[in-house]
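Examining the three-dimensional arrangement
What follows is each chain in one-letter form.
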Amino acid sequence: MPTVVFREPAFSKYKNSPSGDVGRYLAKKGLLITAAAKRQVGVNTGALRASIHMRHFGDTRGQYVRIGSSLPYTRLHHEGTRPHLIRPNTKQVLKFVTRGQLVITHLVRHPGTRPNRYLTDNLRLVK
């Protein structure tokens, strides 16, 4: 029966290094998901699209990539929101412009937003 011998430095690079085969595979799939997420995400100012990034990590469990954004409204955009009330925090009234009209009010009934699952929708690209 043949004996399998692992050369630890070479095998370690293969499975644990970002430049090894596993790391390159993760980076390739991560970049695919990142690009697809940037294409799918809604664009108002472009800040959310520009903030989507991928980071490569490794620990005792192995290698992995994280794709996301650190903007505070990222989760609201991805998961959507329920209808809710918006009230002023520090002032007496809310002031904003919509459809070219200045609006001054004490309360806004926001209808909520539909989710745009630009990250989880694109996990299918990993196959």
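Scroll up for the structure.
Now for a quick tour of the structure. (Residues numbered from 1 in each chain as written. Predicted model: local features only at pLDDT ≥ 70, side-chain atom pairs only at ≥ 80, totals over all residues. Heavy atoms only, no water.)

**Let's talk about the overall build of the protein**
Under the convention used in this document: The helix and strand labels rest on DSSP assignments: H or I over at least four residues marks a helix, E over at least two residues marks a strand, and numbering proceeds from the N terminus. With C-alpha atoms as the basis for the radius of gyration, the globule rule is written as 2.2 Å multiplied by the number of residues raised to the power 0.38. Type-normalised accessible area, obtained with a 1.4 Å probe on protein chains alone, sets the label of each residue: buried when under 20%, exposed when over 50%, and partly exposed for intermediate values. Should any heavy atoms of two residues lie within 4.5 Å, those residues are counted as being in contact. Method for areas: the Shrake-Rupley scheme with a 1.4 Å probe, in which residue coverage is limited to the protein chains shown. Charged residues are defined narrowly, with Lys and Arg counted positive, Asp and Glu counted negative, and His plus the chain ends left uncounted. Just so you know, the charge point we use is NZ for Lys, CZ for Arg, CG for Asp and CD for Glu.
Scanning the protein for helices and strands turns up four helices and six strands. Each helix (α) and strand (β) of the protein, taken in turn from the N terminus, gives the series α-α-α-β-β-α-β-β-β-β. A compact globule built from 127 residues would reach a C-alpha radius of gyration of about 14 Å, whereas the protein, at 23 Å, exceeds it by more than 25%. Each principal axis of the C-alpha distribution contributes one length, and for the protein these read about 80 × 25 × 25 Å. For the protein, buried positions account for 22% of its 127 residues. Pairs at least 24 apart in sequence give 53% of the contacts found in the protein among residues at least 6 apart. In the structure as shown, the protein presents an accessible area of about 10100 Å², 55% of it carried by carbon and sulfur atoms. In the protein, the 23 positive side-chain charges and the 5 negative ones have mean positions that sit 14 Å from each other.

**Thoughts on a nonpolar patch on the surface**
Rule in force here: Patch definition: residues with relative accessible area over 30% and no salt bridge; like charges joined within 9 Å; nonpolar side chains (Val, Leu, Ile, Met, Phe, Trp, Tyr) joined within 5 Å. Any carboxyl oxygen of Asp or Glu that lies within 4 Å of a side-chain nitrogen of Lys or Arg is treated as forming a salt bridge with it.
On the surface, Tyr25, Leu123 and Val126 cluster together into a nonpolar patch covering about 270 Å² of accessible area. Checked against the element boundaries, Val126 lands in the segment after strand E6 (108-110). For Val126, a relative accessible area of 35% gives the class partly exposed.

**Comments concerning the pattern of salt bridges**
Summed over the entire model, instances satisfying the criterion amount to three salt bridges. One salt bridge connects Arg24 with Asp21, and the closest N-O pair in it is separated by 2.5 Å. Of the two residues, Arg24 and Asp21 are both situated in helix H2 (residues 21-40); the distance of three residues between them amounts to about one turn of the helix. Judged by its relative accessible area of 40%, Asp21 falls in the partly exposed class. For the salt bridge of Asp59 with Arg61, the shortest nitrogen-to-oxygen distance reads 2.7 Å.

**Let's talk about the environment of Pro88**
Locating Pro88 in the fold gives a position in the loop between strand E3 (84-86) and strand E4 (94-98). Residues Pro88 and Thr105, spaced 17 residues apart in sequence, show a C-alpha to C-alpha distance of 9.1 Å. Dropping the residues within four chain positions of it, Pro88 is found in contact with Val93, Leu94 and His106.

**Observations concerning the pairing of strand E5 (residues 101-105)**
We apply this condition: In this scheme, strands are said to pair when DSSP sees at least two bridges between them.
By the criterion of burial, E5 is predominantly exposed, with just zero of the five residues buried. Across five bridges, E4 lies against E5 in antiparallel orientation. Along E5, the bridge assignment pairs Lys95 with Ile104. The loop that links E4 with its antiparallel partner E5 comprises two residues; one of these, Arg99, has a positive phi angle of about 50°.

Remember, this is a structural readout, not a statement about activity or role.
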